[in-house]
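Okay, here's what each chain looks like letter by letter:
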Amino acid sequence: MAVLDKEELAVLKAVADELPEFSRTPSQLIPVLQSIQKKHGYLPKLVLRLVADHLQVTIARIYGVATFYNQFRFNPPGRNPIKVCLGTACHVKGGEIILENFERRLQIREGETSADREYSLERVACIGCCALAPAVVIGEKVEAYVTPSKVEGIITEIEVRKEMAAREQQRNETAASTNE
Amino acid sequence: MNNSPRAFLAELVTAAAAKLAELKNASVPVIYVGCATCGRAAGAMDTIAGFNEALVANGIEAIIRKVGCLGHCYAEPLVIIQNPGFPPLLYQKIGVGEAGILVRSFLKDGSDPCYEYLLGALEADDNFPTLMDYPRYLFENRVIMEHCGLIDPEDVDHYLAVGGYSALAQGLEEGGVRVLEEIKAANLRGRGGAGFPAGRKWEIARNVKVFEKLVICNGDEGDPGAYMDRTLLESNPHQVLEGLALAALAVGAGRALLYIRTEYPLAVEIVERAIAQARQKNLLGSKILGSDFSLEVSVFQGSGAFVCGEETALIESLAGRRGMPQPRPPYPAVSGFQGKPTIINNVKTLSTVPSIIRNGASWFTAIGTPGSPGTAIFSVVGEVEYPGLVEVPMGVTLEHLVVDVCGGVKNGKTLKAVQIGGPSGGCLPASLLQTKIDFDSLKESGAMMGSGGLVVMNEDTCMVELARYFTDFTQGESCGKCTFCRLGTRHLRDILEDLTKGVGSAEDLQTLQELSEMIVKGSLCSLGKTAPNPVLTTLRFFRGEYEAHFAERRCPARMCRSLIAFYIDLEACARGCDACVACCPTEAIFTTSNRKKAIDQEKCVKCGECVYACPPEYDAVRRISPPSLIPDQGVKPLIEEEKEEK
């Protein structure tokens, strides 16, 4: 928890700096929340209080709005956010099964973030890639024609890339220390 | 007359045409890559990287341009290559490897145009089949999508060079009343789904004596399965902006908004750039094209609520509130956002406006049917041979659309039903394929036009499960204001969920029917009023399928997972092939004592992956319903047998 609080504090400070850019009208509520989430990935609890003060609306109204729309989230996303599309075409082609496979593979349920914050899993109504169903969005990238065995491949690819980055970093650090 | 809008525009067009001509007559090859969201999903950005790398490696100079979507989604990534000396050629499924081959054999040597990847030529030519020879192009009538995928959406000059903004210049000279009269005469009906005449809506707003008015482009395309609004915004944003400006001119509005859902980040980015470019050229902003008309345009991002496609809910969300529909009247056209007259039109409706002004109302009414003139864009997806976006004249039959234009059902299977109009539409059985596509015929059949999503289903799709899916969707998206919508859809969903598990009775079907009728009556907005459509139509046309679920605990389509099982036919299974073992996500498949494969029913999650993994020459995995029919083949795992021997 302690780590999260520190992080929340950092977000809090950043938002306090950004808020004055928005006019103090309640109609700015959705753009403000969108801007915070875009920058920080989620809406920390304390931040909503700041927003309430700035726009001069009740915190209840902010919760009302933020929970009404699918876009907003109150937990930090994983470094590799995974969104499984469950639009009609994806559903007909087995989107539910793909979601289940991710749940099984990552050991988290839909809507959750893994303990190491590496992955988060979400379902989305439709990303509009229906001709390429079933589709999954990994970070910003859309994966088309996903199958249960491809799920394994996607995760492995992320893991391998992570490992390579770690090794690269280690190599750089050793190089830096020998240079010194 | 030198400073008339048309003269003003003519100067812009001359410069734009010269710029485009330069590109068309370039002495080096020009490569256009389809980079709308669907193209990117299929790997278009990698394709571009592949081209760049191959061009550098082979020392070839070429121009690469990103364009929008042609609608042939089954063939993505799509690439058009304009190699001097050849007509522009359209290639399909071009990945990194194919890009390299095209550069080496076509651009470097100039000898081999790689027929194996070719979809067709874009211009008539003696040596290449043209796209116009395909049934899809023959039957389509591209009005709104005419330039999609062929021009650069991020360069306003491309749109100007193909006649863009000429309707706006004409409208500015002739005045807003003329624009309004033309749209009324054309009987343009709202393409968002309801089909309300756009001209009549505009007239109401025009007649309100309020100084400040607002026009909004509704790009909150929430229907799962529909993506034509996204494609239009990404492929030809200026056409939407021109329509929006004409609408503002007709009603006398000085402010315009594009409400685009935030799930379409690329569309938002492209539209924002388009607005900036149009403003810079004085096509939007103050005193447009030297006239007295000014229009401020901005983008508002919706944040993911299906109900916000409804206009009163959309207005609520603009005000920073929950998107809950409000009773009408007052209609938004009289009193909408902040009490000002507000016109809300769909992306497709606004995209149609410029062509009507340019070609006249009589041209428009000559297309389609008298009651529903013009064309309709459908996203045809599901089990169809050539899924994608198609634009056909109103009044053609569903069969024509699915079979002739989109190649019919995939893999030689039979067509069972089409679901038209998204969650608020209905399921029509194959026997009703002669239904005409227009606002009124579809309504009569029990379905509706909706936003134009069309899902084609073969015998492997369970109608009960599909009804459950849509009800689950609308239940989740209900804003909660009306009790019938909030609780009624939930009850519907629960009954349907039980049915997919084999639990239910004839009484439940009666409840479904009655509850559906009550939800239709008791809901304020169209979300609730149309939510039971999938249930009502499937009950009407596929009652037997419902009965099989609870009476026989059997899913005739073998889709509902509680009612099916998989097993491997030992007769068909090959020795030593491990394809199914390798693909199984739960390691449920084991090797039997005779070195064939069997499925551990306890571990099996019924994902069906083994069906696809099993090589077609064996085709050994069987799917049966009900699970009790699974034959006892008396198999034991090899390991257990070995243990016993020890």
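All of the points below concern the structure found in this document.

Rules and cut-offs
Residues numbered from 1 in each chain as written. Chains lettered and ligands numbered in written order. Predicted model: local features only at pLDDT ≥ 70, side-chain atom pairs only at ≥ 80, totals over all residues. Heavy atoms only, no water. Helix = DSSP H or I, 4+ residues; strand = E, 2+ residues; numbered from the N terminus. Buried < 20%, exposed > 50% of the residue type's maximum accessible area, 1.4 Å probe, protein only. Contact = heavy atoms within 4.5 Å. Areas by Shrake-Rupley, 256 points an atom, 1.4 Å probe, with all protein chains shown as cover. Lys, Arg positive; Asp, Glu negative; His and termini not counted. Charge placed at Lys NZ, Arg CZ, Asp CG, Glu CD. Rg over C-alpha atoms; globule rule 2.2 N^0.38 Å. Salt bridge = Lys/Arg side-chain N within 4 Å of Asp/Glu carboxyl O. Polar contact = N/O pair within 3.5 Å; in protein donor to acceptor, adjacent residues only side chain to side chain. Nonpolar A, V, L, I, M, F, W, Y, C, P; charged D, E, K, R; others polar. Core = buried A, V, L, I, M, F, W, Y, C linked by side-chain atoms within 4.5 Å. Pairing = 2+ DSSP bridges. Axes fitted to C-alpha atoms, helices over the stretch in contact; angles between N-to-C directions. Left-handed = near helix turned anticlockwise from the far one by under 90°.

### A short note on the overall build of chain A
Then, number 1: Across its full length, chain A holds seven helices and four strands.
Then, number 2: Moving toward the C terminus, one meets the helices and strands of chain A in the order α-α-α-α-β-α-α-β-β-β-α.
Then, number 3: Taken over 180 residues, chain A has a buried fraction of 47%.
Then, number 4: Of the contacts made within chain A by residues no fewer than 6 positions apart, 62% connect residues no fewer than 24 positions apart.
Then, number 5: Looking at chain A as shown, the accessible area adds up to about 9300 Å², and 53% of this sits on carbon and sulfur atoms.
Then, number 6: The positive charge centre, built from 23 side chains, and the negative charge centre, built from 24, are 3 Å apart in chain A.

### Comments concerning the overall build of chain B
Then, number 1: A tally of regular secondary structure across chain B gives 26 helices and 18 strands.
Then, number 2: Relative to the globule expectation of 26 Å for 646 residues, the C-alpha radius of gyration of chain B, 28 Å, shows essentially globular dimensions.
Then, number 3: Once the C-alpha set of chain B is aligned to its principal axes, its extents read approximately 100 × 70 × 40 Å.
Then, number 4: Within chain B, buried positions represent 61% of all 646 residues.
Then, number 5: Taking as baseline every contact in chain B between residues at least 6 positions apart, the subset at least 24 positions apart corresponds to 71%.

### Overview of the interface of chain A and chain B
Then, number 1: On the chain B side, the residues contacting the 41 residues of chain A number 55 residues.
Then, number 2: Taken together, the links from chain A to chain B amount to one salt bridge.
Then, number 3: Between Glu-100 of chain A and Arg-561 of chain B there is a salt bridge whose closest N-O contact spans 2.6 Å.
Then, number 4: Where chain A meets chain B, there are 17 residue pairs in polar contact (both at pLDDT 80 or more).
Then, number 5: Put simply, the parts of the chain that give the side of chain A that touches chain B at least two residues each are helix 2 (29-40), helix 4 (59-68), helix 5 (88-92), helix 6 (95-106) and helix 7 (148-179) of chain A.
Then, number 6: For the side of chain A that touches chain B, a count of residues per class yields 22 nonpolar, 13 polar and six charged.

### Description of the side chain of Asn-58 of chain B
Then, number 1: Assignment of secondary structure puts Asn-58 of chain B in the loop between helix 3 (44-57) and strand 2 (63-67).
Then, number 2: Judged by relative accessible area, which is 18%, Asn-58 of chain B ranks as buried.

### What to know about the nonpolar core
The tendency in soluble globular proteins is for nonpolar side chains to be buried side by side.
Then, number 1: Judged by nonpolar contacts, the single largest core of 103 residues is most densely connected at Tyr-165, Trp-202 and Leu-258 of chain B.
Then, number 2: Of all the elements, helix 11 (residues 237-251) of chain B adds the most residues to this core, at 10 residues.
Then, number 3: Among residues more than four places away in sequence, those in contact with Trp-202 of chain B are Val-179, Leu-180, Ile-183, Ala-247, Ala-250, Val-251, Ile-343, Asn-345 and Val-353 of chain B.
Then, number 4: By size, the runner-up hydrophobic cluster in this structure holds 45 residues, among which are Leu-12, Leu-29, Leu-48 and Val-57 of chain A.

### A word on the sheet that holds strand 2 of chain B
All names here are of chain B.
Then, number 1: One open sheet accounts for five strands, arranged 2-1-3-4-5; its pairing is mixed. Sheet topology places strand 2 and strand 5 (118-121) at the edges, where each strand pairs with a single neighbour. Across the sheet, the mean angle separating the axes of adjacent strands is 20° when strand polarity is ignored.
Then, number 2: Strand direction decides the pairing type here: strand 1 (residues 30-34) and strand 3 (residues 79-82), joined by four bridges, are antiparallel.

### Digging into the sheet that holds strand 7 (residues 255-261) of chain B
All names here are of chain B.
Then, number 1: With respect to topology, four strands assemble into an open sheet ordered 8-7-6-9, the strand pairing being parallel. Sheet topology places strand 8 (296-302) and strand 9 (342-346) at the edges, where each strand pairs with a single neighbour. Strand-to-strand twist across the sheet, computed as the mean angle between neighbouring axes with direction ignored, equals 20°.
Then, number 2: Where strand 7 lies against strand 8, seven bridges are found, and the strand directions are parallel. Across the sheet, the residue bridging to Ile-260 is Gln-301, located in strand 8.

### A few points about the environment of Asn-75 of chain A
Then, number 1: Locating Asn-75 of chain A in the fold gives a position in the loop between helix 4 and strand 1 (80-85).
Then, number 2: According to the relative accessible area criterion, Asn-75 of chain A is partly exposed, its value standing at 45%.

### Regarding the pattern of salt bridges
Then, number 1: Scanning all chains against the criterion turns up 45 salt bridges over all chains.
Then, number 2: With its nearest N and O atoms 2.8 Å apart, the salt bridge here joins Arg-73 of chain A to Glu-122 of chain A. With Arg-73 of chain A in the loop between helix 4 and strand 1 and Glu-122 of chain A in strand 2 (residues 119-124), the pair connects residues that are 49 residues apart, well separated along the chain.
Then, number 3: Between Arg-328 of chain B and Glu-311 of chain B there is a salt bridge; the shortest N-O distance is 3.0 Å. Here Glu-311 of chain B lies in helix 13 (residues 311-318) and Arg-328 of chain B lies in the loop between helix 13 and strand 9, a separation of 17 residues in the sequence.
Then, number 4: Accessibility expressed as a relative area gives 13% for Glu-311 of chain B, which makes it buried.
Then, number 5: The structure contains a network of salt bridges with shared partners spanning Asp-472, Arg-493, Asp-494, Glu-497 and Lys-501 of chain B.

### Notes on the packing of helix 3 (residues 45-55) of chain A against helix 4 of chain A
Residue and element names in this part refer to chain A.
Then, number 1: Two numbers describe how helix 3 lies on helix 4: the axes approach to 9 Å, and their chain directions differ by 120°. Viewed along their axes, helix 3 and helix 4 form a crossing whose handedness is right-handed. Each of Lys-45, Leu-48, Arg-49, Val-51 and Ala-52 in helix 3 lies in contact with helix 4, whose residues at this interface are Ile-59, Ile-62 and Tyr-63.
Then, number 2: Residue composition of the contact of helix 3 with helix 4, grouped by class: six nonpolar, no polar and two charged.

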